[in-house]
Amino acid sequence: LYQQAWNARQELERKVQERTRELADLNAELVRMNKAKSDFVSAVSHELRTPLAAIKGYASLLGTGQFGPLAPPQQERIAKIEKQSDLLNQFITNLLDIARIESGRVTMERAAIQLKDFFAGVQELVAPQLGAKRIRYAVDLDGVTTLTGDPQHLQRVFLNLLSNAIKYTPEGGTIRLGLKRDGGSVVATVSDTGCGINPEDLAKLFQEFYRARDPVNQQVRGTGLGLALVKRIVEAHHGRIWVASEKGKGSTFFVSLPVA
């Protein structure tokens, strides 16, 4: 019996070692494929930028009337070309940033951020969107004054979260941005009174190109890259992001970041 038990244990250890090697090989292959994907996205994005810049440049020149006066219908269509060029440029920028962060080619700055001025700047940028839908906007810093991180990238985080909240909040709704200390971290929340998110979509929300199959979502323009980029930036700051939502009652996004 002792010999049988010893043999069974040896066989089990052999199988565990074998499976461990297989998992290590699979993990190495996944890392290689992920790097290849990031390199491919980065290369394609760079190639797209050159012709896009030319389209944008020529549309701008035509819009100034340097090549002759334009009729109102022509001006309207050139303005649409410029607008769509800007949207495509933003899409390409997001793709590049995700690829750079994944491959470790982006280093996050570690600077002291004065939060009162920081969020005043963020509010100034989203003010036109808030005004267009008459959305009430409230900020509660709860005595938190500073944070350490990259001001430019963290601004993109909160601009993305607030822009999403504005998109999915009906006219006359409310959006709240709050902060609170939690041990060695600061937890920021962005809450809205919008349409909410289905439970089955919550786990996939931060995946690249994922958009929930919802009738409301079909009416809102988006690429499915904004939240994926936000997640990469937050994780590059050694933080984490998650969401709580109830269909028809709004959503709250949580961002936890180390104080220092």
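Everything that follows concerns the structure shown earlier in this document.
Residues numbered from 1 in each chain as written. Predicted model: local features only at pLDDT ≥ 70, side-chain atom pairs only at ≥ 80, totals over all residues. Heavy atoms only, no water.

All right, on to helix 1 (residues 2-64) then. Over its 63 residues, helix 1 extends 91 Å from the first C-alpha to the last, a length consistent with the 93 Å expected when each residue adds 1.5 Å. Those residues of helix 1 that sit buried are Ser38, Ser42, Ser45, Leu52 and Ala59. Once helix 1 ends, the next one or two residues include Gly65, with phi positive near 85 degrees. (Helix = DSSP H or I, 4+ residues; strand = E, 2+ residues; numbered from the N terminus. Expected span 1.5 Å × (residues − 1). Buried < 20%, exposed > 50% of the residue type's maximum accessible area, 1.4 Å probe, protein only.)

Another point: the nonpolar core. Ranked by size, the top nonpolar core spans 45 residues in total, and within it Phe158, Leu161 and Ile175 carry the most contacts. For this core, the elements supplying multiple residues, two or more each, are helix 2 (72-103), helix 3 (115-132), helix 4 (151-168), strand 4 (174-182), strand 5 (185-192), helix 7 (226-236), strand 6 (240-246) and strand 7 (250-258). Looking at this core element by element, the count peaks at 7 residues for helix 4. (Core = buried A, V, L, I, M, F, W, Y, C linked by side-chain atoms within 4.5 Å.)

Spatial strand order, 2-4-5-7-6: 5 strands in an open sheet with mixed pairing. Only two strands of the sheet have a single partner each, and these edge strands are strand 2 (136-140) and strand 6. Adjacent strand axes in the sheet meet at a mean angle of 15 degrees when their direction is disregarded. Bridging between strand 2 and strand 4 involves 5 bridges; their strand directions are parallel. Within the sheet, the bridge partner assigned to Arg136 lies in strand 4 and is Thr174. (Pairing = 2+ DSSP bridges. Axes fitted to C-alpha atoms, helices over the stretch in contact; angles between N-to-C directions.)

Okay, the packing of aromatic side chains next. All chains considered together, the criterion is met by 5 aromatic pairs. Ring geometry for Phe118 versus Phe119: centroids 5.0 Å apart, planes at 80 degrees, classification edge-to-face. Neither Phe118 nor Phe119 differs from the other in exposure class; each is buried. Summarising the aromatic geometry, the rings of Phe206 and Phe253 are spaced 6.3 Å apart at their centres and angled 90 degrees between planes, so their arrangement reads as edge-to-face. (Phe/Tyr/Trp six-rings, centres within 6.5 Å; stacked < 30°, edge-to-face > 60°.)

This structure, assessed with the given rule, holds 11 salt bridges. The salt bridge partner of Glu29 is Arg32, with a shortest N-O separation of 2.7 Å. Taken together, the residues span about one helical turn, with Glu29 and Arg32 both in helix 1 at a distance of 3 residues. A relative accessible area of 33% means that Glu29 is categorised as partly exposed. (Salt bridge = Lys/Arg side-chain N within 4 Å of Asp/Glu carboxyl O.)

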